[in-house]
Amino acid sequence: MTVTPADPDVRHFRTLFISDVHLGSKAAKADFLLDFLRHHEAETIVLVGDIVDGWRLKRNWYWPQAFNDVTQKILRKARKGTRIVYIPGNHDEFLRDFPGTHFGGVEVAERMIHEGADGRRYLVLHGDEFDVVVRHARMVAYLGDWAYDAAIAINVVFAAIRRRLGLPYWSFSSWAKQQVKSAVNFIGEFQKVVVEEARRNNADGVICGHIHHAVITEIDGIRYINSGDWVESCTAIAEHHDGEMELITWQTMASRPAAVLAVSHQMPAIETRERVGAEAA
Ligand SMILES: [Mn+2]
């Protein structure tokens, strides 16, 4: 890793986790992300899926200079010695055909185990494979393990059919938003399913994206971390050199004079699990 002469405006971390940037969509906040990348360095950067919105690009090509700048910035970091791992999501699943490959110094992996500096083992994945499980949570819980496995398989088949037909990927976050009253339940259900997957993999925690809802919390003894998105909330997860995890929100341009720096908070209160617990009980 290159050591930059102490620039007080640049924070150095062990690892950064970034997801759901949706380059290709007009909603992507590329300027904020570029500014964030200028002010944050890490030994490893993990891109936790939906960095490029292939579905959107296929329908309507939208690629302004800012998107190039973000891409170049990431590749430059790779050239300077930062390890970059790209875990594809449902919007950039064209990369899923290339697990284990490298391009421009970027490793592609379907999922990974991240060993924290404090010895914790985290399962890192995007999270879309659980969409069907989450939508039909009650039925899946009732039918048991085989329904769980079947639901995940169905999700893969449905996504492939929709892609063949040129339809966009069914969006969890916009669907959850439409179900205004129960959106909280769906977020909670997603978290619960992902946490179970971490347990199945003997991990102490899970780091994911997909639902555009950043948080660091603890669910049933497993640490649940979501890196959020760069479409609305502009969030990332940073691992300190001692393994402590921090949620960073970057909604201002620090490069501009007199701008307010990041809002950052650590281990926010548990938000959604109570309701889910009540439902499951
Ligand atoms: Mn996604």
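Residues numbered from 1 in each chain as written. Predicted model: local features only at pLDDT ≥ 70, side-chain atom pairs only at ≥ 80, totals over all residues.

1. Considering the packing of helix α1 (residues 30-38) against helix α3 (residues 65-79)
Packing of α1 against α3 leaves a shortest axis separation of 9 Å and a crossing angle of 25°. Judged on the interaxial angle alone, α3 and α1 are roughly parallel. Here α1 and α3 pass one another in a crossing that is left-handed. Here Ala30, Asp31, Leu33, Leu34 and Leu37 of α1 lie close against α3, whose contacting residues are Ala66, Phe67, Asp69, Val70 and Lys73. Residues that form the contact of α1 with α3 fall into these classes: seven nonpolar, no polar and three charged. (Axes fitted to C-alpha atoms, helices over the stretch in contact; angles between N-to-C directions. Helix = DSSP H or I, 4+ residues; strand = E, 2+ residues; numbered from the N terminus. Parallel < 35°, antiparallel > 145°, perpendicular 65-115°, else oblique. Left-handed = near helix turned anticlockwise from the far one by under 90°. Contact = placed C-beta atoms within 7 Å. Nonpolar A, V, L, I, M, F, W, Y, C, P; charged D, E, K, R; others polar.)

2. Some points on the sheet that holds strand β8 (residues 205-208)
The five strands lie next to each other as β6-β7-β8-β10-β9, forming an open sheet whose pairing is mixed. The open sheet terminates on both sides in strands that have one partner only, identified here as β6 (112-115) and β9 (215-219). Neighbouring strand axes in the sheet, compared pairwise and without regard to direction, differ in orientation by 25° on average. The pairing of β6 with strand β7 (residues 121-124) spans four bridges and is antiparallel. When the sheet's bridge partners are listed, Glu115 is paired in β7 with Arg121. (Pairing = 2+ DSSP bridges.)

3. Some words on the nonpolar core
Ranked by size, the top nonpolar core spans 61 residues in total, and within it Leu47, Val48, Val194, Val206 and Ile207 carry the most contacts. At seven residues, the largest contribution of residues to this core is made by helix α8 (residues 183-200). The residues touching Val48, leaving out its near neighbours within four places in the chain, are Phe17, Ile18, Ser19, Ile87, Val124, His126, Ile207, Cys208, Gly209 and Ser227. (Core = buried A, V, L, I, M, F, W, Y, C linked by C-beta atoms within 7 Å. Buried ≥ 20, exposed ≤ 12 C-beta atoms within 10 Å, placed from the backbone.)

4. Focus: α3
For α3, which comprises 15 residues, the first-to-last C-alpha distance of 21 Å matches the rise-based estimate of 21 Å (1.5 Å per residue) to within 8%. Just beyond α3, the residue with positive phi is Gly81, at close to 115°. (Expected span 1.5 Å × (residues − 1).)

5. A closer look at the environment of Phe158
Looking at where Phe158 falls in the secondary structure, it is placed in helix α6 (residues 145-164). Among the residues examined, Phe158 registers 14 C-beta atoms within 10 Å and is labelled partly exposed. As a C-alpha pair, Phe158 and Val132 span 26 residues in sequence and 9.6 Å in three-dimensional space.

6. Concerning α1
Within α1, burial applies to Ala30, Leu33, Phe36 and Leu37. Along the axis of α1, the buried residues cluster in a sector spanning 120°; they form a single face. (Arc of directions from axis to C-beta.)

7. Some words on unusual backbone geometry
Most peptide bonds adopt trans geometry, and most residues besides glycine take a negative phi value. Unusually for a residue other than glycine, His22 sits at a positive phi of about 55°. Despite not being glycine, His212 has its phi angle at roughly 55°, a positive value. For His212, a count of 25 C-beta atoms within 10 Å puts it in the buried group.

8. A word on the pairing of strand β10 (residues 222-226)
Across the five residues that make up β10, a large majority, five, are buried. Residues Ile222, Tyr224 and Asn226 line one face of β10 and the alternating positions Arg223 and Ile225 line the opposite face, and both faces are buried. Note that β8 and β10 share four bridges and pair parallel. Among the inter-strand pairings, Cys208 is bridged to a residue of β10, identified as Asn226. Bridge count for β9 against β10 is five bridges, and the pairing is antiparallel. What sits directly across from Ile219, in β10, is Ile222.

9. Points about the confidence of the model for the chain
Overall, the prediction assigns the chain a mean pLDDT of 83, with 77% of residues at 70 or greater. Within the model, the stretch residues 257-262 combines pLDDT values under 50 with eight contacts to residues more than four positions away or in other chains. Within the model, the stretch residues 265-281 combines pLDDT values under 50 with 25 contacts to residues more than four positions away or in other chains. (pLDDT = per-residue confidence, 0-100.)

10. Quick look at the pairing of strand β1 (residues 11-18)
With seven bridges joining them, β1 and strand β2 (residues 40-47) adopt parallel strand pairing. Counted as the bridge partner of Phe17 is Val46 from β2. This β-α-β element, β1 to α1 to β2, shows right-handed connectivity. Bridge count for β1 against strand β11 (residues 235-239) is three bridges, and the pairing is antiparallel. Looking across to β11, one finds that Leu16 is bridged to Ala238. (Right-handed = clockwise from strand over helix to strand, strands pointing away.)

11. Thoughts on the environment of Gly49
Its place among the elements puts Gly49 in the loop between β2 and α2 (54-59). C-alpha of Gly49 to C-alpha of His210: the two residues are 161 residues apart in sequence and 7.5 Å apart in space. In this structure, Gly49 is in contact with Ser19, Ile87, Pro88, Gly89, Asp92, His126, Gly209 and His210, ignoring residues within four places of it in sequence.

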